[in-house]
Amino acid sequence: MSGTSTFLGGGITVDLGAIVRNWKALDTVAANALTGAVLKADAYGTGAEAVGRALYHAGAKFFFVATPDEGVALRKAVPKSLIFVLDGLVPRTAKDYAAHGLMPVLASMSQLTEWLDFCLSQNKAIPAALHFDTGFNRVGFRQKEAELVKRELDQSGFEPQMIMSHFACADQPSHEMTRKQNGLFQGILAHFPNIPASLANSAGLMASKDYHYQMVRPGISMYGGRAINGRPNPMAPVISMHVPILQIKDARIGETVGYGAAYRLRRDTRLAIMALGYADGFFRSLSGIGGQVGGKVAINGTFAPVLGRVSMDMTAIDITDVEGLVQPGDVVEVLGPNLGIDDVADAARTIGYEILTTLNGRFSRSYVNVPEGLDIT
Ligand SMILES: *Cc1c(COP(=O)(O)O)cnc(C)c1O
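Residues numbered from 1 in each chain as written. Predicted model: local features only at pLDDT ≥ 70, side-chain atom pairs only at ≥ 80, totals over all residues. Heavy atoms only, no water.

Sorry if this is basic, but what is going on with the UniProt feature "domain: Alanine racemase C-terminal" (unreviewed entry) in the chain here?
In this structure's numbering, the residues bearing the UniProt feature "domain: Alanine racemase C-terminal" (unreviewed entry) are residues 238-368. Annotation note: span residues 238-368, helix share 10%, strand share 35%, distance between end C-alpha atoms 10 Å. (UniProt positions renumbered as here; feature names shortened; annotations may be inferred. Helix = DSSP H or I, 4+ residues; strand = E, 2+ residues; numbered from the N terminus.)

Here you go:
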């Protein structure tokens, strides 16, 4: 990602050392399982190639991406790792997966047939995994297809690398669906006694050892996000974002701010206009229009609330109560020590995942705490 903030200043900082520490902490929690790493959506917006290199350097060998294109890009960064493609097998592209050493996570009978036919045509068993749906109703074989899958595998002599499924509700600790899905998963595994299994995302990993099986697949926790709602988040924060102020102006009580004149000032107010809007991933739902919680940023350790609607490229904040001189060109904290991704997500009525993956705006991204001896360029 190339940023264009050379003139403006500000930018996004990714703490690569913190991602590595988080992965190692998760690896310790799942001590009896292998610990994979989910790098889909450009490693949740933090940069899949740099993160892949750093984690591989730290000992990670199993990576998960969503699309085959993400897999091709990641392959260059981590030549020797195993890369699983969660979207499954895109029809008529088996040879491309094989050419880049990507493992499809096969999710339907037609995908399985296509992969087995391709293996036959190449006269070798090319590794792939299988995804069973245990109630999520996203991709995956139906439970009742387990027997049929088993028969196909027996006939062809093909052994999948792994059988996996995915939790729908592991972020809600007491949700009954999690235990139910685990039970269904065990029923499926009974058909495939010697194949490694994987069920847990970050929340499942943290919830119980019962869900670890042979491999865990954390994503959000590595990036510092909250995996389980209503519990303290033990992970180290990873991302910070600072943006510059373009202009400062004093406005009078009764004047309105921004599109739709949606906020009317209740006092004489000093406004700062930031070079930040929804095109940068600062959600429009962070608008400050009274009556509901809006967004805020931090300046000199003080919070400054958003006033009026967030527009595409600019947003007004109230700096009346901020101490110290604030001038155009100063940068304010949008994400960082005072504002975690989940704080912003809660205010925007979304989740940390969406905050992270929509940060691909105009601000350049740089890495700090790059592990010693690691080349990420
Ligand atoms: C995204 C994803 C994960 C990682 O989930 P987190 O909640 O970010 O830990 C694991 N498995 C599958 C199949 C996924 O799609």
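Which parts of the structure should I look at to understand the pattern of salt bridges?
Once the charged atoms of two side chains with opposite charge are near each other, the side chains can pair. Applying the stated rule across the entire model yields 10 salt bridges. As a salt-bridge pair, Arg270 and Asp250 come within 2.9 Å of each other at their nearest N and O atoms. With Arg270 in strand S14 (residues 269-274) and Asp250 in strand S11 (residues 239-251), this pair connects stretches of sequence that are 20 residues apart. Put simply, Arg252 and Asp268 hold a salt bridge, and the shortest N to O gap is 3.3 Å. In this pair, Arg252 is assigned in the loop between S11 and strand S12 (256-257) and Asp268 in the loop between strand S13 (263-264) and S14, connecting sequence segments 16 residues apart. Given a relative accessible area of 53%, Arg252 falls into the exposed group. Residue classification places Asp268 among the partly exposed residues on the basis of a relative accessible area of 41%. Connected via shared salt-bridge partners are Arg267, Asp318 and Asp321. (Salt bridge = Lys/Arg side-chain N within 4 Å of Asp/Glu carboxyl O. Buried < 20%, exposed > 50% of the residue type's maximum accessible area, 1.4 Å probe, protein only.)

Help me understand the site of the ligand in this model?
Around the ligand, the surrounding shell holds 14 residues, and the nearest of these are Lys40, Tyr44, Ser202, Ile220 and Tyr353. Here a nitrogen atom of the ligand and a side-chain polar atom of His166 are 3.4 Å apart. Tyr353 places a side-chain nitrogen or oxygen 2.6 Å from an oxygen atom of the ligand. For the ligand, whose accessible area on its own is 390 Å², the fraction buried by protein is 94%. Among the residues making up the shell around the ligand, the classes are represented as 7 nonpolar, 4 polar and 3 charged. (Near = heavy atom within 4 Å. Polar contact = N/O pair within 3.5 Å; in protein donor to acceptor, adjacent residues only side chain to side chain. Areas by Shrake-Rupley, 256 points an atom, 1.4 Å probe, with all protein chains shown as cover. Nonpolar A, V, L, I, M, F, W, Y, C, P; charged D, E, K, R; others polar.)

Can you help me understand the side chain of Arg75 in this one?
Considering the arrangement of structural elements, one finds Arg75 in helix H4 (residues 68-77). Comment: no salt bridge for buried Arg75; closest opposite-charge side chain is Glu49, at 12 Å. Polar contacts involving the side chain of Arg75 include one to the main-chain carbonyl oxygen of Val78, which spans 3.0 Å. For Arg75, the contacting residues outside a window of four places in its chain are Lys80, Ser81, Ile83, His100 and Gly101. (Lys, Arg positive; Asp, Glu negative; His and termini not counted. Contact = heavy atoms within 4.5 Å.)

Where do I start with the packing of aromatic side chains in this structure?
Geometry of an aromatic ring pair is reported as the spacing of the ring centres plus the angle between the planes. Tallying each qualifying case throughout the model produces 9 aromatic pairs. Summarising the aromatic geometry, the rings of Tyr97 and Trp115 are spaced 6.4 Å apart at their centres and angled 75 degrees between planes, so their arrangement reads as edge-to-face. Of the two residues, Tyr97 sits in helix H5 (residues 94-99) while Trp115 sits in helix H6 (residues 109-122), which places them 18 residues apart along the sequence. An aromatic cluster is present here, built from Tyr44, Tyr223 and Tyr353 joined pairwise through their rings. Sitting over the ring of Tyr56, Lys61 keeps its end group 4.6 Å from the ring centre. (Phe/Tyr/Trp six-rings, centres within 6.5 Å; stacked < 30°, edge-to-face > 60°. Lys NZ or Arg CZ within 6 Å of the ring centre and 35° of its normal.)

When you look at the packing of helix H1 (residues 16-29) against helix H3 (residues 48-58) in this model, what are you seeing that I'm missing?
When two helices pack together, their arrangement is given by the angle between the helix axes and by the axis-to-axis distance. Running from amino to carboxyl end, H1 crosses H3 at an angle of 50 degrees, the nearest separation of the two axes being 10 Å. One finds that H1 runs oblique with respect to H3. Along this stretch, H1 crosses H3, giving a crossing that reads as right-handed. Taking contact as the criterion, the partners of Leu16, Ile19, Val20, Trp23 and Lys24 in H1 are, on H3, Ala50, Val51, Ala54, Leu55 and Ala58. Tallied by class, residues from the contact of H1 with H3 come to 9 nonpolar, no polar and 1 charged. (Axes fitted to C-alpha atoms, helices over the stretch in contact; angles between N-to-C directions. Parallel < 35°, antiparallel > 145°, perpendicular 65-115°, else oblique. Left-handed = near helix turned anticlockwise from the far one by under 90°.)

Help me understand a nonpolar patch on the surface in this model?
Judged by side-chain polarity, Leu8, Leu246 and Met314 come together as a nonpolar surface patch covering roughly 250 Å² of accessible area. The residue Leu8 is located in the segment before strand S1 (11-15) in this model. (Patch = residues over 30% accessible without salt bridge, like charges linked within 9 Å, V, L, I, M, F, W, Y side chains within 5 Å.)

Would you mind showing me how to read the UniProt feature "binding site: substrate" (unreviewed entry) in the chain here?
UniProt feature "binding site: substrate" (unreviewed entry): in the numbering of this structure it lies at Arg138 and Met312. For the residues just named, distributed over 175 residues, the greatest C-alpha separation reaches 32.9 Å, placing them at more than one site. Within the secondary structure, Arg138 is located in the loop between strand S7 (129-131) and helix H7 (146-156). Turning to its location among the elements, Met312 is positioned in the loop between strand S16 (302-307) and strand S17 (315-318). On the basis of relative accessible area, Met312 is assigned to the partly exposed category, the value being 42%. If we skip the residues at most four places from it in the chain, Met312 touches Gly277, Tyr278, Ala279, Asp280 and Arg362.

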